[in-house]
Amino acid sequence: MHRPVPSFPRLTGLLLRLGGTLALTLWLLWMLVERLAAIEPGAVTQALSGLPVWRLAVALLAAAVSFWAVGRYDGVAHRHFRTGLAQKQARLCGMAAIGFSQFCGCGVLSGAFARWRLIGDLTPALALRLTAFVAVTFLLALAFWASILCLIAPPLPGLRQTGSAGLALLLPLGVVLFLLPRLRLGRLELRLPSLRALGAILGWAALDLAAAALVLAVLLPGLSWVDLPLLLTAYVLALAAGLLSGAPGGLGAFELTLLSLLTALPEAELMAAVLAYRLIYVALPALVAVPLLLSPPDLRLGRQSRLSRLGHYHPPARPRAETAVVTQSRGYVLSGGFADMAVVETDQSLIMLFDPVCGGRHPDLSLLSHRAAQRNLCALVYKCSARVAVSARRAGWRVRHVSDEATLVPATFTTEGAGRRQIRRKLRHALRAGLRTDRPSTLPLAQMAEVDSLWQSANGRAWGLTMGRFAPGYLARQAVFLAWRGPRLEGFVSFHRSRDEWCLDLMRVRPDAPEGTMHALVVEALTVAAAARVPRMSLAAVPCGLLGRRFDGLRRFKDSVAPRWQPLYMAAPGWTVMAVAALDLARHVQAPPPLSGRHTQAAHDHDEEFEFASLTGT
């Protein structure tokens, strides 16, 4: 049988890119040789021999600082891809890989090879993704700082306009990354860097570039302090030209750019400084990196904070029932320290919901912050009690009152009294309409789904993350109450349950349901909870402040039963972090991702809802 001849499009493309890089490098070297023809070699040698030892020592120290910052790029990349590699090892690997790749050229390919060799458990594909992440984010940071420097200290007059144009293009990028954190290319979905990751790259790039430019600056004895900003701008632009050329160490493009921008400096001194710079900043790191590549160290995976499955811990005396909402958002229990916390992850934030679920009464905020940093996320505590808010404030976190929770004691609830006139009126309307309420033993899921669909058609897409959404497997673990008028289901409510508390979750009614339907359902739930001796019932929280004005109707509905209102708080390490995390939280609440398949089916004893039910004592 005749076999088709295999094609190698990827190999061909690689060879073409390598050939193009080689041709560009040779052309740049030819141009550099032409430019340097007028310089006396003796003048360069004299400038090199005249460098004092202290300048070489300062250059070595600055190079070490620059590479120390360079290693942090890989730390951010490994956190982004959740590799689990210890940060110290990730940074050492990054320093070696970048030292090797900048000497060899073809940065993405050589860097990926170096990372693959240095980390035994890394696949070639993941090594390539890590390298591409570092390369792209660094180029963005380089473009940002180059634009800033062109505005502050342009070596040439026309560069100030270039800097303005660059900032105009780059500044909206943060908004784009926030609104579009994931990029879909056909079947491939790319998770873009979080704002925290991008901020970290910008910060480390600033230190890296400043230290690397200092290496060149101290090797120029004739440079004055006044000219340092110009040198920094010229260096950053020359580095960008060298990286874009793909040549080893940016050879040719780097020198030509410096010669074009720093015309006031003697060319012999400048070339002597560049030669010393290449020995210190390019050749020396490569000499250190090559032995590591030939005999890679055993870089084992670092230990992350422990994630518990939801049923492994004894619950506290009064677990919060509403915590079960995290099961719809791929939440988990963050274990460690002196308390276990129910957390959910969004594109920008790691959010602890409510109070600790196990262990102590106060959360381990340092563990939460550490876990968030491990994943390039902002740490946030949302809808916590006053007790936890006080702990956060004492830890130096910023705290803000965000909502109020309506609570009742079912055993003492009554519809009598002046404060409950509205509930009595609503119940009369429901009674006259022939409405009846019950708690079924078997859920009429088809009719409930119809009510949910009609409710969403009238009110918009159901919110999520901190609020439950209609799903059979999810409702199967809740206390559900139905409102009927004849054979037609008019509405339903559901409650999270724990041993000591019920909490209102889903509220769904038909758009044409009789007035008082929801009030009748809540009263029915209170009656059943009182018979079951449930100590506390929560009608969930309502936002306060300016945002709370959008929910005046919801607050009036809950006010009709005259509940006790308890303040809930949001806490974060700083106001900027809180603002980013709160905006991110709001976006995910209003546009949650689709529910996973297990939530659309009936619950099973081995699933996450069952484990959380055992945790909360139901």
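Residues numbered from 1 in each chain as written. Predicted model: local features only at pLDDT ≥ 70, side-chain atom pairs only at ≥ 80, totals over all residues. Heavy atoms only, no water.

With respect to the UniProt feature "transmembrane region" (unreviewed entry) in the protein chain
Operational definition: UniProt positions are given in the numbering used here, feature names are shortened, and annotations may be inferred rather than shown by experiment. Strands are runs of DSSP state E lasting at least 2 residues, helices are runs of H or I lasting at least 4, and numbering of each runs from the N terminus.
On the UniProt side, "transmembrane region" (unreviewed entry) is annotated at positions that read residues 12–33, 53–71, 92–114, 126–153, 165–185, 197–220, 232–254 and 274–294 here. Spanning residues 197–220, this segment combines 92% helix with 0% strand, and its end C-alpha atoms are found 35 Å apart. Between the end C-alpha atoms of residues 274–294 there is a gap of 29 Å, over a span that is 100% helix and 0% strand.

Description of the pairing of strand β11 (residues 479–485)
Condition: Buried means the residue's accessible area, taken with a 1.4 Å probe over protein chains only, is under 20% of the maximum for its type, while exposed means over 50%, and partly exposed covers the values in between. By the convention used here, strands pair only if DSSP detects at least 2 bridges between them.
Of all seven residues in β11, six are buried; the element is thus mostly enclosed. Alignment of strand β10 (residues 436–438) against β11, held across three bridges, turns out to be antiparallel. Directly across from D438, in β11, lies its bridge partner L482. Taken together, the seven bridges between β11 and strand β12 (residues 488–497) define a ladder with antiparallel strand orientation. Bridge pairing in β12 places L482 opposite F492. The turn joining β11 and β12, which pair antiparallel and follow one another in sequence, is formed by two residues; a positive phi near 70 degrees is taken by G486.

Concerning the nonpolar core
Short version of the rule: Put simply, a nonpolar core is a bunch of buried Ala, Val, Leu, Ile, Met, Phe, Trp, Tyr and Cys residues held in one set by side-chain atoms that sit within 4.5 Å of each other. We call two residues in contact when some of their heavy atoms are within 4.5 Å.
In this structure, V215, L219, Y235, L258 and L270 are the most contacted members of the largest nonpolar core, which totals 69 residues. Every element with two or more residues in this core is listed here: α3 (53–80), α4 (87–104), α5 (107–118), α6 (124–152), α9 (195–218), α10 (228–245), α11 (253–261) and α12 (267–294). Looking at which element gives the most residues to this core, the answer is α6, with 11 residues. Residues in contact with V215, not counting those within four places in the same chain, are A59, A62, A63, Y277, I280 and Y281. Membership of the second largest hydrophobic core comes to 33 residues, among which are V333, F354, L380 and L465.

Concerning the pattern of salt bridges
We apply this condition: Salt bridges are identified by distance alone: a Lys or Arg side-chain nitrogen within 4 Å of an Asp or Glu carboxyl oxygen.
For the structure on display, the rule yields 22 salt bridges. When the shortest N-O distance is used, the salt bridge between D355 and R387 registers 3.2 Å. Note that D355 is positioned in the loop between β6 (349–353) and β7 (358–359) and R387 in helix α14 (residues 386–394), a separation of 32 residues in sequence. Overall, D355 belongs to the buried group, its relative accessible area being 14%. Residue D512 is joined to R488 by a salt bridge in which the shortest nitrogen-to-oxygen separation is 3.4 Å. In this pair, D512 is assigned in the loop between β13 (501–509) and α18 (517–531) and R488 in strand β12, connecting sequence segments 24 residues apart.

As for unusual backbone geometry
Even without being glycine, R330 reaches a positive phi, approximately 55 degrees. With respect to the helices and strands, R330 occurs in the loop between β3 (307–308) and β4 (332–334). Owing to a relative accessible area of 56%, R330 belongs among the exposed residues under this scheme. The phi dihedral of L465 is positive, around 65 degrees, even though this residue is not glycine. Relative to the helices and strands, L465 resides in the loop between α16 (445–459) and α17 (472–475).

Observations concerning the packing of α3 against α12
We apply this condition: Angles shown run from 0 to 180 degrees and are taken between the N-to-C directions of axes, each axis being a line fitted to C-alpha atoms and, for helices, limited to the stretch in contact. Reported orientations rely on four angle classes, namely roughly parallel under 35 degrees, roughly antiparallel over 145, roughly perpendicular from 65 to 115, and oblique for the rest. A clockwise turn of the near helix away from the far one marks a right-handed crossing, whereas an anticlockwise turn of less than a right angle marks a left-handed crossing.
Taken N-terminus to C-terminus, the directions of α3 and α12 make an angle of 60 degrees; their axes are 10 Å apart at the nearest point. The orientation of α3 relative to α12 falls into the category oblique. Considering how the two elements wind past one another, α3 and α12 form a crossing that is right-handed. Contacts from L56, A59, L60, A63, S66 and F67 of α3 reach α12 at I280, Y281, L284 and P285.

Looking at the side chain of R320
What counts is decided by this rule: N or O atoms within 3.5 Å of each other form a polar contact, as long as, within protein, one can give a hydrogen and the other can take it, and as long as residues adjacent in sequence are counted only when both atoms are side-chain atoms.
Assignment of secondary structure puts R320 in the loop between β3 and β4. For R320, a relative accessible area of 18% puts it in the buried group. A polar side-chain atom of R320 sits 3.2 Å from a polar atom in the side chain of E405.

Quick word on the side chain of R55
Heads up, the condition is: Positive: Lys, Arg. Negative: Asp, Glu. His and the chain ends are not part of the count.
Tracing the backbone shows R55 in helix α3. Here R55 is buried and forms no salt bridge, its nearest opposite-charge partner E269 lying at an N-O distance of 9.3 Å. Within polar-contact distance, the side chain of R55 engages the backbone oxygen of V218 at 2.7 Å.

Thoughts on the packing of α5 against α6
Going by this rule: Charged means Asp, Glu, Lys or Arg here, nonpolar means Ala, Val, Leu, Ile, Met, Phe, Trp, Tyr, Cys or Pro, and polar covers whatever is left, Gly included.
One can describe the packing of α5 onto α6 by two numbers: an axis separation of 8 Å at closest approach and a directional angle of 130 degrees. Taken together, α5 and α6 sit at an angle that is classed as oblique. For the crossing formed where α5 meets α6, the hand is right-handed. Note on element contacts: α6 touches α5 through P124, A127, L128, L130, T131, V134 and A135, opposite G107, V108, G111, A112, R115 and W116. Across the contact of α5 with α6, the residue classes break down as nine nonpolar, three polar and one charged.

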